[in-house]
Amino acid sequence: MAKILVCDDESGLRTVLKRYAVFEGHEVVEAADGMEAVEACRKESFDIIIMDIMMPELDGFSAVKEIRKTLDTPVIMLSARGEEYDKVLGFEVGIDDYVVKPFSSKEIMMRVNAILRRTQKNTAASDNDNGHVIFRKEGFEADLTAYKVSIDGILANLAPKEYDLLFFLIRNKNIAVPREKILTEVWGFDYYGDDRTLDTHMKLLRKSLGPYAKFITTLRGLGYRFEG
């Protein structure tokens, strides 16, 4: 069972999402705007947050920025707009997934459960591993256990999904990985949405890696390969 914060100014939408989440055995706390969401995160801990963008008092982007100052709780962002700018901005502030309205509650719960499986698996691996798995090449270093990436000695600040994408590629270094496999493994389920999501994340990841973006090779018509 997970504790979920659902933040949306539409009470009907909150009610529907809560009904589905509770049916699957989760606990749900509601927030009507970004300010309420930030306050809720200061008082309680959550396993995942579902956050709308357009809300009174404090919008979703600003709320996530504030929450990210102290917490790395996974965030699924909801929006009535599907423009790439909004998606890029969302991933830059640290969200884990972006869903465009209208959507089915079943789809949202699939995404929620996929993220929960991934975060729980990462936690278990960290708890049971006494050593660190580290990849080094030139001035690039990635600590897959501590979730740290250094660029020429400077600690990089990657979004959660950027870490997942990068570390998956590193674990499969020198192997041509199809786009479909990346989407399935990194997003945690058979992704059936807009696969430009992968392109958006890859663009952000390469920007974060700076000169070492060269390690990621695009295989046209297939996917990507991390040169290790």
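Owing to the predicted nature of the structure, the values given are computational and were not obtained by experimental measurement.

Tell me about helix α3 (residues 60–67), and name the residues and values.
Turning to α3, its buried residues number three or more, namely G60, F61, A63, V64 and I67. Projected down its long axis, α3 shows its buried positions confined to an angular sector of 165°, all on one face. Packed against the buried residues of α3 are α2 (34–43), β3 (48–52), β4 (75–79) and α4 (84–92). Near the N-terminus of α3, the side chain that reaches the backbone nitrogen of F61, with its oxygen 2.9 Å away, is that of D59.

Account for the domain arrangement of the protein, naming residues and giving values.
Domain annotation for the protein reports domain 1 (3–122) and domain 2 (134–226). Put simply, the middle of domain 1 and the middle of domain 2, counted by C-alpha atoms, are 24 Å apart. With 17 residues of domain 1 in contact, the opposing surface of domain 2 contributes 18 residues. Overall, the association of domain 1 and domain 2 removes approximately 1,500 Å² of surface from exposure, summing both partners, and the carbon and sulfur fraction of that is 53%. Among the salt bridges present, the one from E84 reaches K203, with a minimum N-O distance of 3.1 Å. The tally of links between domain 1 and domain 2 comes to one residue pair in polar contact (both at pLDDT 80 or more). Where the side of domain 1 that touches domain 2 is concerned, the elements lending two or more residues are α4 and α5 (105–128).

If you had to explain the packing of α2 against α3 to someone new, which residues and values would you point to?
At their nearest, the axes of α2 and α3 sit 9 Å apart, and the two run at 20° to each other. Taken together, the axes of α2 and α3 lie roughly parallel to each other. Taken as a pair, α2 and α3 cross one another with a handedness that is right-handed. Residues G34, V38, C41 and R42 of α2 pack against A63, E66 and I67 of α3.

Residues and numbers for the pairing of strand β2 (residues 27–31), please.
Strand direction decides the pairing type here: strand β1 (residues 3–7) and β2, joined by five bridges, are parallel. Note that in β2 the partner of K3 across the bridge is E27.

What counts, and where the lines are drawn
- Residues numbered from 1 in each chain as written.
- Predicted model: local features only at pLDDT ≥ 70, side-chain atom pairs only at ≥ 80, totals over all residues.
- Heavy atoms only, no water.
- Buried < 20%, exposed > 50% of the residue type's maximum accessible area, 1.4 Å probe, protein only.
- Helix = DSSP H or I, 4+ residues; strand = E, 2+ residues; numbered from the N terminus.
- Arc of directions from axis to C-beta.
- Contact = heavy atoms within 4.5 Å.
- Polar contact = N/O pair within 3.5 Å; in protein donor to acceptor, adjacent residues only side chain to side chain.
- Domains from an automatic or database assignment.
- Buried area = accessible area lost by both parts, 1.4 Å probe.
- Salt bridge = Lys/Arg side-chain N within 4 Å of Asp/Glu carboxyl O.
- Axes fitted to C-alpha atoms, helices over the stretch in contact; angles between N-to-C directions.
- Parallel < 35°, antiparallel > 145°, perpendicular 65-115°, else oblique.
- Left-handed = near helix turned anticlockwise from the far one by under 90°.
- Pairing = 2+ DSSP bridges.

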